[in-house]
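Letter by letter, the chains look like this.
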Amino acid sequence: MFAPDLMTLAETVVTRARSRRMTLATAESCTGGLVAAALTSVAGSSAVLEQGAVTYSNAAKTRMLGVPEALIAAHGAVSKPVAEAMAAGARDRAGVDVAVSVTGIAGPGGGSADKPVGLVHFGLATAEGVRHVERRFTQQDRQAIRGAATEQALMLLLEGLA
């Protein structure tokens, strides 16, 4: 289901989390659960992955993660503040050590001049705070963008486990 390099990355995340006795959660929009799916493809992931939330709609982001409606209205779902709020909400609500969030525009439609197809915002919430990463993936294929975003989210989890 996943490319070998993505599976190796997921295995590394699970192994590191297990060795550090840390727990994880995901909050996903444009990846639709691919980050959690990659993690759960690894044997033993149940020891570290508490939950994954697919919050595709704005209402789900608010209801499941506590992202304020006003924040989404002011900045849009695909934004730094919303990615940060998603990660913080996932960490808090799941009661885990590290949470990652993904929100972006996978295309082929839905993009604009300000927020083009391939724009993805990530949040990483740890005990030290919340970090944001923005990526503009140049692939124009929806599945390629989602795959690249999944890889980036796994790399962020790995950093959060350092």
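In what follows, the structure referred to is the one given above.
Notes on the structure in this doc start here.

Rules used in this analysis
- Residues numbered from 1 in each chain as written.
- Predicted model: local features only at pLDDT ≥ 70, side-chain atom pairs only at ≥ 80, totals over all residues.
- Heavy atoms only, no water.
- Salt bridge = Lys/Arg side-chain N within 4 Å of Asp/Glu carboxyl O.
- Helix = DSSP H or I, 4+ residues; strand = E, 2+ residues; numbered from the N terminus.
- Buried < 20%, exposed > 50% of the residue type's maximum accessible area, 1.4 Å probe, protein only.
- Expected span 1.5 Å × (residues − 1).
- Polar contact = N/O pair within 3.5 Å; in protein donor to acceptor, adjacent residues only side chain to side chain.
- Contact = heavy atoms within 4.5 Å.
- Pairing = 2+ DSSP bridges.
- Axes fitted to C-alpha atoms, helices over the stretch in contact; angles between N-to-C directions.
- Core = buried A, V, L, I, M, F, W, Y, C linked by side-chain atoms within 4.5 Å.

1. Some details on the pattern of salt bridges
Phase 1: Counted under the stated rule, the structure contains two salt bridges.
Phase 2: The salt bridge involving Arg 131 is made with Glu 159; its shortest N-O contact spans 2.3 Å. Here Glu 159 lies in helix H6 (residues 142–160) and Arg 131 lies in strand S5 (residues 129–136), a separation of 28 residues in the sequence.
Phase 3: Looking at Arg 131, the relative accessible area reads 38%, which means it is partly exposed.
Phase 4: By relative accessible area, Glu 159 is classed as partly exposed at 43%.

2. A word on unusual backbone geometry
Phase 1: The omega torsion across Gly 107 and Pro 108 is 5°, close enough to zero to call that bond cis.
Phase 2: Along the polypeptide, Pro 108 turns up in the loop between strand S3 (98–104) and strand S4 (119–126).

3. Quick look at helix H5 (residues 80–94)
Phase 1: Taking 1.5 Å per residue as the helical rise, H5 with its 15 residues ought to reach 21 Å, and the 21 Å between its terminal C-alpha atoms agrees with that figure.
Phase 2: Those residues of H5 that sit buried are Val 82, Ala 83, Ala 85, Met 86, Ala 87, Gly 89, Ala 90 and Ala 94.
Phase 3: The N-terminus of H5 is capped by Ser 79, whose side-chain oxygen sits 3.4 Å from the backbone nitrogen of Val 82.
Phase 4: The positive-phi residue at the C-terminal boundary of H5 is Gly 95, with phi of around 65°.

4. As for the environment of Ala 85
Phase 1: Residue placement: Ala 85 occurs in helix H5.
Phase 2: A residue is classified by how much of its surface remains accessible, and Ala 85, at 18% relative accessible area, is buried.
Phase 3: In contact with Ala 85, not counting residues within four places along its chain, are Leu 65, Val 67 and Leu 71.

5. Thoughts on the sheet that holds strand S1 (residues 24–28)
Phase 1: Taken in spatial order, the five strands of this open sheet run S2-S1-S3-S4-S5, and their pairing is mixed. In this open sheet, the two edge strands, each paired with only one partner strand, are strand S2 (49–54) and S5. Mean inter-strand twist for the sheet, computed between neighbouring axes without regard to direction, equals 10°.
Phase 2: In this structure, S1 lies alongside S2, joined through five bridges in parallel fashion. Counted as the bridge partner of Ala 25 is Gln 51 from S2.
Phase 3: Seen against the sheet, H6 touches S1, S3, S4 and S5 and runs at an angle of roughly 20° to S4.

6. Let's talk about the environment of Ala 27
Phase 1: Looking at the secondary structure, you find Ala 27 in strand S1.
Phase 2: Under the relative-accessibility criterion, Ala 27 is labelled buried at 0%.
Phase 3: Separated by 88 residues in sequence, Ala 27 and Lys 115 have C-alpha atoms that sit 20 Å apart.
Phase 4: Those residues in contact with Ala 27 that sit more than four places away from it in its chain are Ala 53, Leu 65, Met 86, Ala 90, Val 100, Ser 101 and Val 102.

7. Side note on the nonpolar core
Phase 1: Within the largest apolar cluster, 42 residues are counted, with the highest numbers of intra-cluster contacts made by Leu 24, Leu 39, Phe 122, Leu 154 and Leu 157.
Phase 2: Breaking this core down by element, the ones donating at least two residues are helix H1 (4–20), helix H2 (34–40), S3, S4 and H6.
Phase 3: Here this core gets eight residues from one element, more than from any other, and that element is H6.
Phase 4: If we skip the residues at most four places from it in the chain, Leu 24 touches Val 13, Ala 17, Leu 39, Val 48, Leu 49, Glu 50, Gln 51, Val 96, Val 98, Leu 157 and Leu 161.
Phase 5: By size, the runner-up hydrophobic cluster in this structure holds 14 residues, among which are Ala 25, Ala 27, Val 82 and Ala 90.

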